[in-house]
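Reading the structure
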Amino acid sequence: MVEKLKDLMSRCYIALILLFLYIPIFVLIVLSFNNSRSRVVWGGFTLDWYRGLFANAQIREALITTLVLAFASALIATIIGVSGALGIHAMSRRNYRIMMIFTNIPMLNADIVTGIALMLWFIHFIPLGFGSVLLAHITFNIPYVIMSVMPQLQRMNISIYEAARDLGANALYGFFKIMLPQLMGGVLSGFFMAFTMSIDDFVITYFTKGAGVNTLSTMIYGEIRKGIKPEMYALSTLIFLVVLCLLLVVNHVGARNEKKNRKYYLAQESNEREEFTL
Amino acid sequence: MQDIILELDSVSKSFDGKKILNNFSLGINRNEFITLLGPSGCGKSTTLRIIGGFERPDEGRVLFDGRDITGLSPDKRNVNTVFQKYSLFPHMNVEENIAFGLQLKKKSREYIRDKVRYALKLVNMEGYEKRSPTSLSGGQQQRVAIARAIVNEPQVLLLDEPLGALDLKLRQGMQRELIKIKKEVGITFVYVTHDQEEALTMSDRIIVMNKGIIQQIGSSKSIYDEPQNAFVADFIGESNIIDGIMRRDCLVEIQGAKIPCVDVGFGKDELVDVVIRPEDLVLVEEEEGYLKGMVISTIFKGAYYEIKVRVGEYEWMVQSVNPAPVGTMKGLTILPDNIQIMHKPHSADAEVSKEND
Ligand SMILES: Nc1ncnc2c1ncn2[C@@H]1O[C@H](COP(=O)(O)OP(=O)(O)OP(=O)(O)O)[C@@H](O)[C@H]1O
Ligand SMILES: [Mg+2]
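Residues numbered from 1 in each chain as written. Chains lettered and ligands numbered in written order. Predicted model: local features only at pLDDT ≥ 70, side-chain atom pairs only at ≥ 80, totals over all residues. Heavy atoms only, no water.

Topic: the overall build of chain A
The secondary structure content of chain A amounts to eleven helices and zero strands. Of the regular secondary structure in chain A, the N- to C-terminal order runs α-α-α-α-α-α-α-α-α-α-α. Its C-alpha atoms give chain A principal-axis dimensions of about 80 × 65 × 35 Å. The buried share of chain A, reckoned over its 278 residues, is 39%. Partitioning the contacts of chain A with sequence separation of at least 6, the portion at a separation of at least 24 is 70%. Surface accessibility of chain A: about 16,000 Å² in total, with carbon and sulfur atoms responsible for 70%. (Helix = DSSP H or I, 4+ residues; strand = E, 2+ residues; numbered from the N terminus. Buried < 20%, exposed > 50% of the residue type's maximum accessible area, 1.4 Å probe, protein only. Contact = heavy atoms within 4.5 Å. Areas by Shrake-Rupley, 256 points an atom, 1.4 Å probe, with all protein chains shown as cover.)

Thoughts on the interface of chain B and chain A
At the junction of the two partners, chain B supplies 36 residues and chain A supplies 28 residues. Surface buried jointly by chain B and chain A totals about 3,000 Å² across both partners, of which 57% is contributed by carbon and sulfur atoms. Of all residues in chain B, B:Asp75, B:Tyr86 and B:Phe100 bury the most surface against chain A, accounting for 21% of the area lost on that side. With its nearest N and O atoms 2.8 Å apart, the salt bridge here joins B:Arg49 to A:Glu162. Inspection of the region where chain B meets chain A yields six residue pairs in polar contact (both at pLDDT 80 or more). No other element matches the five residues that helix 4 (residues 138-150) of chain B contributes to the side of chain B that touches chain A. Across the side of chain B that touches chain A, the residue classes break down as 15 nonpolar, 13 polar and eight charged. (Buried area = accessible area lost by both parts, 1.4 Å probe. Salt bridge = Lys/Arg side-chain N within 4 Å of Asp/Glu carboxyl O. Polar contact = N/O pair within 3.5 Å; in protein donor to acceptor, adjacent residues only side chain to side chain. Nonpolar A, V, L, I, M, F, W, Y, C, P; charged D, E, K, R; others polar.)

So, helix 1 (residues 2-32) of chain A
The periodicity of an α-helix, 3.6 residues per turn, causes residues three or four positions apart to be oriented the same way. For helix 1 of chain A, which comprises 31 residues, the first-to-last C-alpha distance of 44 Å matches the rise-based estimate of 45 Å (1.5 Å per residue) to within 8%. Taken as a whole, helix 1 of chain A carries its principal kink of about 40 degrees at A:Tyr22; the proline A:Pro24 stands between one and four residues after it. (Expected span 1.5 Å × (residues − 1). Bend = angle between axes of the 7 residues up to and from the residue.)

Quick word on the pattern of salt bridges
All names here are of chain B. Per the counting criterion, the structure on display carries 25 salt bridges over all chains. Measuring nitrogen to oxygen at the nearest pair gives 3.1 Å for the salt bridge that ties Asp9 to Arg61. Taken together, the residues span a long stretch of sequence, with Asp9 in strand 1 (residues 4-15) and Arg61 in strand 4 (residues 59-64) at a distance of 52 residues. Given the relative accessible area of 25%, Asp9 is considered partly exposed.

Description of the site of ligand 1
All names here are of chain B. Taken together, 13 residues sit near ligand 1, with Ser40, Gly41, Lys44, Ser45 and Thr46 positioned nearest. Thr46 has a polar side-chain atom sitting 2.5 Å from an oxygen atom of ligand 1. Within the contact set of ligand 1, an oxygen atom lies 3.1 Å away from a side-chain nitrogen or oxygen of Glu161. If ligand 1 stood free it would expose 640 Å²; the protein chains cover 63% of that surface. For the shell around ligand 1, the element with the most residues is helix 1 (residues 44-52), which contributes three residues. When the residues that make up the shell around ligand 1 are grouped by side-chain class, the tally is three nonpolar, six polar and four charged. (Near = heavy atom within 4 Å.)

Looking at the pairing of strand 11 (residues 240-248) of chain B
Residues and elements named next belong to chain B. Here strand 11 pairs with strand 14 (residues 270-276) via seven bridges, running antiparallel. Paired with Asn240 across the strands is Ile276, a residue of strand 14. Pairing geometry for strand 11 and strand 12 (residues 251-254), over three bridges, is antiparallel. Across the sheet, Ile245 pairs through a bridge with Glu253, a residue of strand 12. (Pairing = 2+ DSSP bridges.)

Considering the packing of helix 2 (residues 94-104) of chain B against helix 3 (residues 109-122) of chain B
What describes two packed helices is the angle between their axes and the distance between those same axes. All names here are of chain B. It is at 10 Å that the axes of helix 2 and helix 3 come closest, and there the two elements cross at 125 degrees. Of the possible angle classes, the one that applies to helix 2 and helix 3 is oblique. Two packed elements cross with a definite hand, and for helix 2 against helix 3 that hand is right-handed. Along its contact with helix 2, which presents Val94, Glu95, Ile98, Ala99, Leu102 and Gln103, the element helix 3 presents Tyr111, Ile112, Lys115, Val116, Ala119 and Leu120. (Axes fitted to C-alpha atoms, helices over the stretch in contact; angles between N-to-C directions. Parallel < 35°, antiparallel > 145°, perpendicular 65-115°, else oblique. Left-handed = near helix turned anticlockwise from the far one by under 90°.)

A closer look at the sheet that holds strand 12 of chain B
All names here are of chain B. On the basis of which strands lie adjacent, the open sheet formed by five strands has the order 13-12-11-14-20 and antiparallel pairing. Edge positions in the sheet fall to strand 13 (257-260) and strand 20 (340-343), since each of these pairs with one other strand and no more. Averaged over all neighbouring strand pairs, the angle between strand axes comes to 45 degrees, with direction disregarded.

A word on the confidence of the model for chain B
All names here are of chain B. With 96% of its residues at a pLDDT of 70 or more, chain B shows a mean pLDDT of 88. This stretch, residues 347-357, has a pLDDT under 50; its non-local contacts, to residues over four places away or in other chains, come to 22 contacts. Taken over the whole predicted complex, pTM reads 0.74, whereas the ipTM for its chain interfaces reads 0.75. (pLDDT = per-residue confidence, 0-100.)

Regarding the packing of aromatic side chains
For any pair of aromatic rings, the description consists of the separation of the ring centres together with the inter-plane angle of the planes. Applying the stated rule across the entire model yields 19 aromatic pairs over all chains. When the ring of B:Phe231 is compared with that of B:Phe235, the centres are 5.7 Å apart and the planes differ by 10 degrees; the resulting orientation is stacked. Highlighted residues: B:Phe231 and B:Phe235, both in helix 8 (residues 230-235), separated by four residues, approximately one helical turn. Here B:Phe231 falls in the buried class, since its relative accessible area comes to 4%. Considering the side-chain rings of B:Phe300 and B:Tyr305, the 4.8 Å spacing of their centres and the 45 degrees angle between planes classify their relative orientation as tilted. Residue class for B:Phe300 comes out exposed when judged on its relative accessible area of 52%. Ring pairs connect the aromatic residues A:Phe71, A:Phe191, A:Phe192 and A:Phe195, which therefore count as one cluster. Positioned over the ring face of B:Tyr111 is B:Lys107, at 5.3 Å from the centre of the ring. (Phe/Tyr/Trp six-rings, centres within 6.5 Å; stacked < 30°, edge-to-face > 60°. Lys NZ or Arg CZ within 6 Å of the ring centre and 35° of its normal.)

With respect to the pairing of strand 4 of chain B
Residue and element names in this part refer to chain B. Where strand 1 lies against strand 4, five bridges are found, and the strand directions are antiparallel. In the sheet register, Ser12 faces strand 4, and the bridge partner there is Glu59. As defined by bridge partners, strand 4 adjoins strand 5 (residues 67-68) across two bridges and the pair is classed as antiparallel. Within strand 5, the position partnered with Phe64 by the bridge is Arg67. Counted along the chain from strand 4 to the antiparallel partner strand 5, the turn is two residues long, and its residue Asp65 has a positive phi close to 55 degrees.

In structure tokens, the structure reads:
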């Protein structure tokens, strides 16, 4: 009886999610192929909106800005985040906990607070533009990198790094040759996560971009205020698909990594029980 | 004349305000197999990590061949370490693991190949060059770790419980092999273990430590036969440790019984610790013993019976080849030679060992 009820509840839950989250997206995707400007009438299949999209210089520019921004901010955030994770990991237990709370707060903080705070801060030092958006994206990306590298760092056995130092490697060589290969999964998934977050962001970008610079999301917002054009459906559809793919990549990297680690440590454990054979 | 290769000079180290090593001084001779032995948390690994360069002492110096190396990083020391476990590079095969140190020293490819082959032969692992560390058993991994350290021809090899993760049978086999390897390469071994049997069978010299303080340094035999304080006696093998009073030279009073011994030079009526090994006590008929008590348990241990006899408040541990029925009254005797008399601790250092009993 209880089982049945549980089953029913979980079905309802899935149905609601589909209804409220995925059906609108599905409608959006359908509309992006709709050969009619109407939002309710199906006028046949067309790729015109997509063609219009790529013909539009403004959109192309926003796309390039978005990608460059995502790539650069993810890369820099990864470098800073990995160094930060190493530093935090080496701290005493108390400081470690404090630092991890500081790392967590920006992730939970409302975007609008972060956005306005960063804007107020930036306008004192630099002109708002690509530079300030880049700085903002690096800032909110760093915690994601730290969060994805830290568990791996904790699981990693530090004595392999010490063994490398012991055998004559200096600190940098030991890190790149021995530690980094072990952390690569976390580093990659951190990078892709940061990349996705950057593409995905609207609020923080909106407040820190100033005039003249547009990413896809801020551009769509600007366009939609003027009136809804079907090109925007096509653009939103593309963004949705790109982000979906990135998330799948992140998940895949994470899962593979998990499996590899588990395999290694399971092997280690079973080895300890093995019999002595000469 | 002693040839000291490595010296710790009044080293102290604290973690989080807790003193782990306290004014620790130690000289290690060239080509010696020296073992640090002590209970968990007594600072053995910390000592080794200070020698290896992974921890910096708060006070004191580390000297190598008379040269101060206290501030030198691990990669600049002519010392290599075999860690407890999991220290092979998992993304490299056995050959690459062993060649790691030599490649950093920019040795020629032929030299490296020969050295790797020699090292694998030394640890009995020929033909494993291309295997991944994850596909090896625990014992095999430790042998590769030893090979990886030894190819660099360090003057001192540090081993931190290298066999700690292995089961008993495997451990005993590896102990024999380690001694063989030590003979072959002729370098100084500094070995850490908390297993007293391992220490006793392998070492030239043993350092028994507790709470960051050296309790006794000596050969296996002298540590076992002549423990200098109650902590060492208790930690090394099983012992009966009981209060006694030295009535005069060669006569000690234990639980009211006057028993002849061989120790001289104590003050008259001095309070002492008396150590008697269970295998040295002899069970006899009640009236023939110095001490009389009731058998309260008898456990068969394979080669002997472990028998507990209660005399007054104290339970004597006796090892005997013959069982004794529980509940019977028995006497205990002992040869004068087998009684070990020790001064009661009065210094603060020795007091530490007492607390830990
Ligand atoms: N990096 C560190 N930070 C804080 N405390 C430490 C650190 N390293 C060691 N300690 C503490 O120092 C004490 C001694 O540690 P150490 O590893 O030297 O002991 P050990 O004799 O090797 O013990 P075991 O037999 O368990 O390996 C322990 O209480 C340990 O918790
Ligand atoms: Mg240890």
